[in-house]
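Listed here are the chains, written in short residue letters.
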Amino acid sequence: MKRESQRMRKADYMRDPCGASPLPYWKAKDFRLPPGMKIVKDSDFHPGLLARYEDTPYFKAMAPLAGRERPELPAGLEASTADDAGFSEHIGACYADEWISAGDLRRERALPVYDPALWLALRDRRTGGIAASGIAQLDPAAGEGVLDWIQVSPDWRRRGLGQFIVRELLFRMQGKAAFVTVSGKAGDETRPDLLYQSCGFSGWTLWHILREKRN
């Protein structure tokens, strides 16, 4: 089965970054749909598709960067970074069903959207352990920043650390990008959408990632 081409024109994407694709432009521009997958916007979704496909809905939102102020660093913590193994271990500890290997992260550092300033770890000054972390990408061709991995250790949640990570990354992208996009699994019990709303994201669009059911 041939892969369906989903090549995205930059002008089409820039008119509506959230509604044009669930992916950031640097991925969408040459994306080829894998066999057995279908991607539809919520406005084009209908329940009849569920007879053939398993549905995983994702949201996408965006935020401007102008006028962003640096957030106040939480007491007892310091802004730092980590190596690939450190980020991988922290991401795995924060999610029940999400993970990325150190090797995958090493390959991400070789991508043209890599910016070392956007790989952030918030560490406990006393123990040196990572309390929260975030990885973002920067696409100069589209003037787009992309929030990729944002997570807070279970023992550090509900202390505003997620908001700090997001706001700090947005601050660091000022002057490098014009806007930032983020996507995430809709209906996640941790409600990442509420975090992004509190940081000024809007233009919410729901996308359905459909995969053919296996017999």
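All values derive from a computational prediction rather than experimental measurement. (Residues numbered from 1 in each chain as written. Predicted model: local features only at pLDDT ≥ 70, side-chain atom pairs only at ≥ 80, totals over all residues. Heavy atoms only, no water.)

Draft legend 1. Region of the structure containing the overall build of the chain. Assigned secondary structure in the chain consists of seven helices and 10 strands. Here the C-alpha radius of gyration of the chain, 18 Å, is about what a compact globule of 215 residues would show, namely 17 Å. Each principal axis of the C-alpha distribution contributes one length, and for the chain these read about 55 × 40 × 30 Å. Within the chain, buried positions represent 44% of all 215 residues. If you take every contact in the chain between residues at least 6 apart in sequence, the share linking residues at least 24 apart comes to 73%. Roughly 11,600 Å² of accessible area belongs to the chain as shown, and the carbon and sulfur atoms make up 49% of that amount. With 32 positive and 29 negative side-chain charges, the chain shows a separation of 4 Å between the mean positions of the two kinds. (Helix = DSSP H or I, 4+ residues; strand = E, 2+ residues; numbered from the N terminus. Rg over C-alpha atoms; globule rule 2.2 N^0.38 Å. Buried < 20%, exposed > 50% of the residue type's maximum accessible area, 1.4 Å probe, protein only. Contact = heavy atoms within 4.5 Å. Areas by Shrake-Rupley, 256 points an atom, 1.4 Å probe, with all protein chains shown as cover. Lys, Arg positive; Asp, Glu negative; His and termini not counted. Charge placed at Lys NZ, Arg CZ, Asp CG, Glu CD.)

Draft legend 2. Examining the packing of aromatic side chains more closely. Evaluated as defined, the whole model comprises seven aromatic pairs. Grouping aromatic residues by their ring pairs yields a cluster made of Phe59, Tyr196, Phe201 and Trp204. Between the NZ or CZ atom of Arg109 and the centre of the ring of Trp119, over which it lies, the distance is 4.1 Å. The ring of Trp156 has Arg159 lying over it, and the distance from NZ or CZ to the ring centre is 4.6 Å. (Phe/Tyr/Trp six-rings, centres within 6.5 Å; stacked < 30°, edge-to-face > 60°. Lys NZ or Arg CZ within 6 Å of the ring centre and 35° of its normal.)

Draft legend 3. Focus on the layout of surface pockets. Considering only enclosed or pocket space, the largest pocket measures out at about 1,700 Å³ in volume. Tyr95, Ser183, Gly184, Lys185 and Pro192 are, among the 50 residues lining the largest pocket, the residues nearest its centre. Elements with a minimum of two residues in the lining of the largest pocket: strand E3 (37–41), strand E4 (53–64), strand E8 (144–152), helix H6 (161–173), strand E9 (179–185), helix H7 (192–198) and strand E10 (202–212). If one sorts the elements of the lining of the largest pocket by residue count, E8 sits on top with seven residues. (1 Å grid on protein atoms, 1.4 Å probe; cavity = no way out; pocket = protein on both sides within 12 Å on 5 of 7 lines; lining within 4 Å. Points joined across faces, edges and corners; volume = space filled by probe spheres on them.)

Draft legend 4. Spotlight on the sheet that holds E8. The eight strands are arranged E3-E10-E4-E9-E8-E7-E6-E5 in an open sheet whose pairing can be described as mixed. Sheet topology places E3 and strand E5 (77–80) at the edges, where each strand pairs with a single neighbour. On average, adjacent strands in this sheet sit at an angle of 25° to one another, irrespective of strand direction. Relative to strand E7 (residues 130–139), strand E6 (residues 119–124) is paired through five bridges, and the arrangement is antiparallel. Bridge pairing in E7 links Trp119 to Ile135. Across the sheet, helix H4 (residues 84–94) lies against E6, E7 and E8, angled at about 110° from E7, the strand it touches most. (Pairing = 2+ DSSP bridges. Axes fitted to C-alpha atoms, helices over the stretch in contact; angles between N-to-C directions.)

Draft legend 5. Region of interest: the pairing of E10. Where E3 and E10 come together, five bridges link them in antiparallel fashion. Of the residues in E10, the one forming a bridge with Lys41 is Trp207. Pairing geometry for E4 and E10, over nine bridges, is antiparallel. Bridge assignment links Phe59 to a residue of E10, and that residue is Leu206.

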